[in-house]
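Each chain is listed here by its residues.
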Amino acid sequence: MENFTHYIPTKIYFGKGEISALSDEFKQRARRILIVTGQGSVKKNGVFDDLMDQVKKAKIKFFEHSGIVPNPRLESVYEGIEIAKREAIDLVLAAGGGSVIDAAKAIAVGAKHDGDVWDFFERKAVPSSALDVGCVLTLAATGSEMNGNSVITKQDSQRKLALSTPLIRPVFSVLDPEYTFSVNSFHTAAGIADIMTHVFEQYFSYTEAADVQDRIAEALLKVCIDYGPVCCKEPKDYDARANILWAGTLALNGLIGEGKAGDWACHGIEHEISAIYDISHGAGLAIIVPNWMKHVLNNATRKKFVEYGINVWGIDKEKEDSSIAEDAIKKTREFFVSIGMPSSLTEVGVPQDKFKDMAKNAIRSYGQVGSFKKLTESDIVDILQRSV
Ligand code: NZQ
Ligand code: ZN
């Protein structure tokens, strides 16, 4: 295990009705807040009304920036920054899924900056301050509610890039499983694929002897396998939604990645796909992950796949290692398909003509793609070809 510093200061209010904590949070932290929302789900499912009750109780002034789309756009971030600067906002409150939270985070860091916020994403500048960010999460997927990442798309150049800084880690997040009851089956499943992939990206690592992290990771995967299908079929099953919600947060808040080298190849590749074709992030991952697994399986990596197959899928450990590893990959793909995820790029309308550009851009964006197995441009093209 490698050395690490573990510090996750986000305050989590977890459970039914926990939004009631917000009036006190507002009173302590803010006088003028900017509420960031998506394309209307929070207005339909009652989340916005509950939020308004808290705003009124705290007697603070609020402004609204709505219409954030999945794979959030830089333009809407610029609009939010303008409001935040003009109205002297002191806290940006995201009410929605990962896209809304990521846009809110970019607004928070852009509001304290005189230059172009995109420079932070292109790594031409490093942020030194940000407004406080708070969240009311409505979709279990990204872990954005407890991490310091924001992923934004600049459409004219078809670039989707991530900014990672503790400055934008939310100061508090409300996680009420009932707020996820209204998520449809497709987005629920895409969220589960995303959560599982966050675990894979940290689990499949060359770092040895990080057993604490890996046993927690396996538990998170098993929770997704057990409760994911329940959430898709019974959207109002509180305990299923609660377990998936908390798994999503723990999968990407730092906990299981501490002291280990992360891989992140599947994310690097998927971000290039959704940057151009605007597909759902989780659906893209469900297509790429099993093909990445097949591509990286070799004599050096097999041991980790065997561990995964036995501990997560319960495959008989007396079988040959090669058959355990292949079985585990097969089960991963079958699970994604069983919850309604696509299994090929063709299914989601992604043609083959830009595979080389995507591979080039993935390496350009991240410097290196993959560490469990370092990927070259031709490796990435191979994974994309396998995914057709
Ligand atoms: O826009 P609204 O109307 O809110 O509808 C959304 C959207 O259409 C809907 N939705 C959300 N909560 C709902 C609901 N519908 C009904 N009831 C509810 N309670 O779901 C749709 C998808 O929402 P979105 O926020 O886009 O999904 P997700 O949370 O999966 O976020 C995806 C974005 O996050 C990025 C992805 O790349 C993508 O841009 N990621 C962010 C990460 C991070 N910040 O750490 C890490 C991830 O790996 C990922 O890259
Ligand atoms: Zn993800």
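Attention here is on the structure that accompanies the text.

Reading the values: the criteria
Residues numbered from 1 in each chain as written. Chains lettered and ligands numbered in written order. Predicted model: local features only at pLDDT ≥ 70, side-chain atom pairs only at ≥ 80, totals over all residues. Heavy atoms only, no water. Axes fitted to C-alpha atoms, helices over the stretch in contact; angles between N-to-C directions. Helix = DSSP H or I, 4+ residues; strand = E, 2+ residues; numbered from the N terminus. Parallel < 35°, antiparallel > 145°, perpendicular 65-115°, else oblique. Left-handed = near helix turned anticlockwise from the far one by under 90°. Contact = heavy atoms within 4.5 Å. Nonpolar A, V, L, I, M, F, W, Y, C, P; charged D, E, K, R; others polar. Donors = N, O, S within 2.8 Å, 3.2 Å for Na, K, Ca; no water. Buried < 20%, exposed > 50% of the residue type's maximum accessible area, 1.4 Å probe, protein only. Near = heavy atom within 4 Å. Polar contact = N/O pair within 3.5 Å; in protein donor to acceptor, adjacent residues only side chain to side chain. Areas by Shrake-Rupley, 256 points an atom, 1.4 Å probe, with all protein chains shown as cover. Domains from an automatic or database assignment.

**Thoughts on the packing of helix α1 (residues 22–29) against helix α3 (residues 47–58)**
At a closest axis distance of 8 Å, the pairing of α1 and α3 adopts a crossing angle of 45°. Classified by the angle between their axes, α1 and α3 sit oblique to one another. Along this stretch, α1 crosses α3, giving a crossing that reads as right-handed. Across the interface between the two elements, Leu-22, Ser-23, Phe-26 and Lys-27 of α1 pack against Leu-51, Gln-54, Val-55, Lys-57 and Ala-58 of α3. Residues of the contact of α1 with α3, tallied by class, amount to five nonpolar, two polar and two charged.

**Focus: the coordination of the zinc ion (ligand 2)**
Looking at the zinc ion (ligand 2), one finds its protein donor set to be Asp-194 (OD), His-198 (NE2), His-267 (NE2) and His-281 (NE2), positioned 2.0 to 2.2 Å from the metal centre. The sequence motif formed by the donor residues of the zinc ion (ligand 2) is D-x3-H-x68-H-x13-H. Placement of the pair is His-198 in helix α7 (residues 185–203) and His-281 in helix α11 (residues 281–296), with a sequence separation of 83 residues. Here His-198 matches His-281 in class, with each residue buried.

**Examining the site of ligand 1**
Neighbouring ligand 1 are 32 residues, the closest being Gln-39, Ser-41, Gly-98, Ser-99 and Lys-160. Between ligand 1 and Asn-45 there is a distance of 3.4 Å, counted from a nitrogen atom to a side-chain nitrogen or oxygen. Lys-160 is positioned such that a nitrogen or oxygen atom in its side chain is 2.7 Å from an oxygen atom of ligand 1. Compared with its free state, where it exposes 960 Å², ligand 1 has 89% of that area covered by protein. Among the secondary structure elements, those contributing two or more residues to the shell around ligand 1 are α5 (98–110), β6 (149–154), α7 and α10 (265–277). Taken together, the residues that form the shell around ligand 1 break down as nine nonpolar, 20 polar and three charged. Each of two domains, domain 1 (11–179) and domain 2 (184–386), supplies a minimum of three residues to the shell around ligand 1.

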